[in-house]
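Here's the letter readout for the chains.
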Amino acid sequence: MKKYSALFLLMSLWLVSCEKVSDLSDEASVVSFQVLSHTPESAVVDTVYMVGEDIAISVRPQEDLFPFTVRAAMTTSPTTHSVLGDYTGSEDLVFSTGTSEINFHLIAESGQPHPYTLSLYPSETGADIKEFTFSGSEETTVYIDPWNALIYVSDPDSSLDADNGYEIKGIKVLASDGAVAEYDDSFTFEDYEDYMEITVSAADGQTTRVWKVYFTELYQIPNSDFESWGKFGNDINNNVMTIDPVPGKGQGWATANNTFVLGAEPFDYQGGKAARLTTRIQDAIVFGDLIAAGSLYTGYFQINVNNLADSRSMTYFGVPYTLRPAALEFDARYVPGDTLKQAVKNGYRYEIQDIEGIDSGHAWIHLIHWDSSKDFAYHGREEDGATLLGSGEIIFDGNNSAYRNWGHYRIDIEYTNYELLPTHVAIVFSSSQKGDEYIGAPGSVMEVDNVQLIY
Amino acid sequence: MKKHTLYIFLFLLSGLLPSAGRAEGTADSLSSDNVDYRFALGVQVGTDVGGAIPVPFRHIPETFNPYPKLDLSLGAKLTFPVTTRWDVGAEVTYKTITMNADARVENQKFQDNNTIEWFSGTADMHMDFTMLEIPVYAKWSFRNLKDKVLLGPYFALVMKSSFVIDPIKGYIGLTGPDEMDSVVDENMDDMDFSPYMDSWDMGVLLGYERKLSRRFELGLRVSMGFKDIFHKDNQYFDYNMLHMRGTVVISYNLFDIKSPRLLRFAKD
């Protein structure tokens, strides 16, 4: 009997000692991060800042700093199960530029990931430029690169004139405390390689930096040549294949691809990739069958299973943008599907019916000023908080066979409001113009490539 | 093919065991004169605790909390005494084995829109198997003729099975294992591996049996499958998942069937 009691006790102890899955911690964090050594050795590393899940190594900008290699010691919390990503704690950290980021994840005991970012922070050299202004500069874009002592100027209302160049007057520089900046008060950029120099000498007299100012072309939305596609996690189209939203969700291109229908796909074109948008019939579960136009647009897609019958409410058009482009140019072709159809509501469900007509593709651009007191949510229709400043469109009439071949198209933007500055630009391509009304011909195809904002 | 041959060989071997037992039995100190050469036909009810486990065992999740569900099994058994201490037997049992579990999973492969991905994190697991199990065994009695041990192969026809992993939290590698490309959210679909499960199993059964009364017997068994529960060409598991379960069974001997053809054993 004693033997059985001992056995029972042992088994009980074993069961009690089993770690419960529900007890596994969701927490994982970096406790300390210390720079041990770096290359070049002459670099001056000041402090390591740890704010939330961002770790910034403060480094003094200098010539030949990059690639900047760091060997560090990182300790993590006891509930950290593992470290995954571009840094797992033992490798050298290599920053190829001052804006390089190294991303990694701490995985908690439960498997919950915690994203961390390692970056560089430029510390004071004593000979820095904090502000660069000139007459009318508030209507231009000025970007200061402290790592390379560079300043870029661009003007949304004017490009560089080949004959007269681009002149800036009344130049003012705000330099580091006590530093002396030497520069002319006006300068004319003859071309994009031309630059003006500003010499800044620190108060200690030992540090001198020569800054260069360039005039540059204006901003283009990244991945506008549609070369990069993939799956980008559950937060981006529920991890279904889509266009790369670089530089981030809601800041670049997007599609309405979802688990139920893939309307936008890449295909090989002229040695690279282009976007193919296809109108399809989508099974919207309890709502029946719908016509779903293939679409590609700036903004993001947020699926809501309850809103499958209202695709527009899931498409958030527009990305942050403050310039006034003159036009939108792109390459495209359009082939309508065989039979125009419409999803018609019958009771609670939609049914597909044939209708008269031929399908048309659609490309449009809206410059929006959004009321900053509200969260941005523009669905391409009248919204409380949105003011349409300028717009333009092309309808690819399916009856016009000229659209069936590749062509280069330009949409001139007509501005109706010059008082407000744009906050967002929405650019949309759709394989069925009336896709939001569930009208389209399954098989209609619009192919698009090389989108460019013209200033 | 070699595996199949081995299974068939093992199954047939069970047929030789009674012969071996009979030869032994004749030389046994206990007289075989009292052996009543009759088939004993009985019914039995029982329950199973277990499921499928990864082999090698190092693939068992480091944190794994199983919650077995007890389902009733029903069957019939046939026993034939070869000598006083050796019996041979066969059973047909219809059973359902169900196990739910919480587990901390690492790099579980699954398919999503035609691409292979890897899930790591905590998950609810569910597995169940409805099967017709047919063991054939040799049974050896201790001196008291009440306690017996048995050993033999079994064949199981798996009529229905499911193996589902429901991710709760964690991350997904799209480009390979140990990659964090996507965070699992609550809307993530279950990983259903049921379509990749095989419809049969074969293994070995080891048991202990105690005669409670003239007609009632209590049995405790442990059985382990020899073959993967999944089709050989499945691409989601880099290791085998083998059936392993414990069984408690109570049988009731209905009657003995006297077969004139078997009386010849009495003359040995």
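Preceding this section is the structure that the text describes.
Residues numbered from 1 in each chain as written. Chains lettered and ligands numbered in written order. Predicted model: local features only at pLDDT ≥ 70, side-chain atom pairs only at ≥ 80, totals over all residues. Heavy atoms only, no water.

Enquirer: What should I look at first to understand the overall build of chain B in this one?
Expert: Looking only at helices and strands, chain B has two helices and 11 strands in total. Along the chain direction, N to C, the helices and strands of chain B fall in the order α-β-β-β-β-β-β-β-β-β-β-β-α. By the burial criterion, 48% of the 268 residues in chain B qualify as buried. Sequence separation of at least 24 residues holds for 74% of the intrachain contacts in chain B that already meet a minimum separation of 6. When the accessible surface of chain B is totalled, it reaches about 13,400 Å², and 61% of it is carbon and sulfur. (Helix = DSSP H or I, 4+ residues; strand = E, 2+ residues; numbered from the N terminus. Buried < 20%, exposed > 50% of the residue type's maximum accessible area, 1.4 Å probe, protein only. Contact = heavy atoms within 4.5 Å. Areas by Shrake-Rupley, 256 points an atom, 1.4 Å probe, with all protein chains shown as cover.)

Enquirer: Sorry, what's going on with the sheet that holds strand E29 (residues 341–346) of chain A here?
Expert: In a beta sheet, neighbouring strands are held together by backbone hydrogen bonds and run either parallel or antiparallel to one another. Strands sit in the order E30-E29-E36 (chain A) across an open sheet of three strands; the sheet is antiparallel. Because the sheet does not close on itself, it has two edges, and the strands there are strand E30 (349–354) and strand E36 (439–440) of chain A. (Pairing = 2+ DSSP bridges.)

Enquirer: Help me understand the side chain of serine 82 of chain A, please; the structure alone is not making it clear to me.
Expert: Relative to the helices and strands, serine 82 of chain A is located in strand E5 (residues 80–85). In terms of polar contacts, serine 82 of chain A uses its side chain to reach the side chain of histidine 81 of chain A, at 3.2 Å. (Polar contact = N/O pair within 3.5 Å; in protein donor to acceptor, adjacent residues only side chain to side chain.)

Enquirer: Which parts of the structure should I look at to understand the interface of chain B and chain A?
Expert: How big an interface is tends to be expressed through the accessible area that disappears when the partners come together. Listed per partner, the contact involves 25 residues of chain B and 20 residues of chain A. In total, about 1,900 Å² of surface goes out of reach between chain B and chain A, with carbon and sulfur atoms giving 51% of it. Three residues, Arg104, Lys169 and Met180 of chain B, lead the burial of chain B against chain A; their summed loss comes to 25% of the area buried on that side. Applying the counting rule to chain B against chain A returns two salt bridges. With a closest N to O distance of 3.0 Å, lysine 169 of chain B and aspartate 26 of chain A form a salt bridge. Of all the secondary-structure elements, those providing two or more residues to the side of chain B that touches chain A are strand E4 (86–112), strand E5 (115–141), strand E6 (147–173) and strand E7 (182–183) of chain B. The element contributing the most residues to the side of chain B that touches chain A is E4 of chain B, with five residues. In terms of residue class, the side of chain B that touches chain A is built from six nonpolar, eight polar and 11 charged. (Buried area = accessible area lost by both parts, 1.4 Å probe. Salt bridge = Lys/Arg side-chain N within 4 Å of Asp/Glu carboxyl O. Nonpolar A, V, L, I, M, F, W, Y, C, P; charged D, E, K, R; others polar.)

Enquirer: For this particular structure, what's the right way to read empty space enclosed by the protein?
Expert: Over the atoms rolls a probe the size of a water molecule, and its path tells where empty space is left. All names here are of chain B. Counted by the stated rule, this structure contains five cavities of 30 Å³ or more. When its volume is computed, the largest cavity comes out at roughly 80 Å³. Lining the largest cavity are Gln44, Ser73, Glu91, Thr93, Lys95, Glu133, Leu205, Arg221, Ser223, Thr247 and Val249. Sorting the residues of the lining of the largest cavity by element identifies E4, strand E10 (216–228) and strand E11 (240–258) as the ones contributing at least two each. Broken down by element, the lining of the largest cavity gets its largest block of residues, three residues, from E4. When grouped by side-chain class, the residues that make up the lining of the largest cavity number two nonpolar, five polar and four charged. (1 Å grid on protein atoms, 1.4 Å probe; cavity = no way out; pocket = protein on both sides within 12 Å on 5 of 7 lines; lining within 4 Å. Points joined across faces, edges and corners; volume = space filled by probe spheres on them.)

Enquirer: Sorry, what's going on with the layout of surface pockets here?
Expert: Residues and elements named next belong to chain B. Of the volumes computed, that of the largest pocket is approximately 1,200 Å³. Broken down by element, the lining of the largest pocket gets its largest block of residues, seven residues, from E4. Grouping the constituent residues of the lining of the largest pocket by class yields 27 nonpolar, eight polar and nine charged.

Enquirer: What is the right way to read a nonpolar patch on the surface from this model?
Expert: On the surface, Val45, Leu72, Leu74, Leu212, Phe216 and Ile250 of chain B cluster together into a nonpolar patch covering about 560 Å² of accessible area. If you trace the backbone, leucine 72 of chain B turns up in strand E3 (residues 72–81). (Patch = residues over 30% accessible without salt bridge, like charges linked within 9 Å, V, L, I, M, F, W, Y side chains within 5 Å.)

Enquirer: Which parts of the structure should I look at to understand the packing of aromatic side chains?
Expert: Two aromatic rings, taken as a pair, are described by how far apart their centres are and by the angle between their planes. Residues and elements named next belong to chain A. Under the definition given, this model contains 39 aromatic pairs over all chains. On the basis of an interplanar angle of 5° and a centroid distance of 4.6 Å, the ring pair of tyrosine 300 and tyrosine 316 is categorised as stacked. With tyrosine 300 in strand E25 (residues 295–301) and tyrosine 316 in strand E26 (residues 315–317), this residue pair connects regions lying 16 residues apart in the sequence. Site record: aromatic cluster; members linked through ring pairs are Phe226, Trp253, Phe330, Tyr334, Phe396, Tyr403, Tyr409 and Phe429. (Phe/Tyr/Trp six-rings, centres within 6.5 Å; stacked < 30°, edge-to-face > 60°.)

Enquirer: Looking at this model, I keep getting lost on the sheet that holds strand E21 (residues 264–269) of chain A. Mind explaining?
Expert: Residue and element names in this part refer to chain A. In spatial order, the strands read E21-E22-E37-E28-E33; together these five strands make up an open sheet with antiparallel pairing. Bordering the open sheet on either side are E21 and strand E33 (407–412), each of which pairs with just one other strand. The sheet shows a mean angle of 40° between the axes of neighbouring strands, taken without regard to direction. Note: strand E22 (residues 272–278) against strand E37 (residues 445–454), four bridges, orientation antiparallel. Bridge pairing in E37 places arginine 276 opposite glutamate 447. (Axes fitted to C-alpha atoms, helices over the stretch in contact; angles between N-to-C directions.)

Enquirer: For this particular structure, what's the right way to read the pattern of salt bridges?
Expert: Note that side chains of opposite charge can pair when their charged atoms are close. By the definition in use, this model includes 30 salt bridges over all chains. With its nearest N and O atoms 3.0 Å apart, the salt bridge here joins arginine 280 of chain A to glutamate 265 of chain A. Placement of arginine 280 of chain A in strand E23 (residues 280–283) and of glutamate 265 of chain A in strand E21 is noted, with a sequence separation of 15 residues between them. Two residues, lysine 95 of chain B and glutamate 133 of chain B, come together in a salt bridge whose shortest N-O distance is 3.0 Å. One end of the pair, lysine 95 of chain B, is in strand E4; the other, glutamate 133 of chain B, is in strand E5, and 38 residues separate them in sequence. The residues lysine 95 of chain B and glutamate 133 of chain B share a single accessibility class, namely buried. Each member of the salt-bridge network shares a partner with another, and the members are Lys77, Asp87, Glu91, Lys139, Lys148, Glu209, Lys211, Glu217 and Arg221 of chain B.

Enquirer: Sorry, what's going on with the pairing of strand E28 (residues 327–335) of chain A here?
Expert: Each regular strand shows side chains that alternate between the opposite faces of the sheet. Residues and elements named next belong to chain A. Burial of E28 is extensive: seven of the nine residues sit out of reach of the surface. As paired elements, E28 and E33 share six bridges and run antiparallel to each other. Within E33, the residue paired with alanine 327 across the bridge is aspartate 412. As paired strands, E28 and E37 are joined by eight bridges and run antiparallel to one another. Looking at E37, one finds that arginine 333 is bridged to glutamate 447.

Enquirer: Would you mind showing me how to read the nonpolar core here?
Expert: It is characteristic of soluble globular proteins that their nonpolar side chains tend to be buried jointly. If you look at the biggest cluster of nonpolar residues, it comprises 35 residues, and the most contacted ones within it are Phe330, Phe396 and Phe429 of chain A. At the level of elements, E22, E28, strand E31 (360–370), strand E32 (386–397), E33, strand E35 (424–430) and E37 of chain A are the ones that each hand at least two residues to this core. Residue contacts for phenylalanine 396 of chain A: discarding those within four places in its chain leaves Phe330, Ala332, Tyr334, Asp359, Ser360, Gly361, His362, Ala363, Tyr403, Tyr409 and Met446 of chain A. By size, the runner-up hydrophobic cluster in this structure holds 34 residues, among which are Phe119, Phe129, Phe230 and Tyr236 of chain B. (Core = buried A, V, L, I, M, F, W, Y, C linked by side-chain atoms within 4.5 Å.)

Enquirer: Could you clarify how one ought to interpret the environment of serine 176 of chain A in this entry?
Expert: All names here are of chain A. With respect to the helices, strands and loops of the structure, serine 176 is situated in the loop between strand E13 (172–175) and strand E14 (180–182). A relative accessible area of 4% places serine 176 in the buried class. Residues serine 176 and serine 201 lie 25 residues apart in sequence; the distance between their C-alpha atoms is 9.1 Å. Not counting the four nearest positions on each side in its chain, serine 176 is found in contact with Glu124, Gly126, Ala127, Asp128 and Lys130. Engagement of the side chain of serine 176 in a polar contact is seen with the side chain of glutamate 124, the distance being 3.2 Å. Only 2.8 Å separates the side chain of serine 176 from the backbone nitrogen of aspartate 128, close enough to count as a polar contact.

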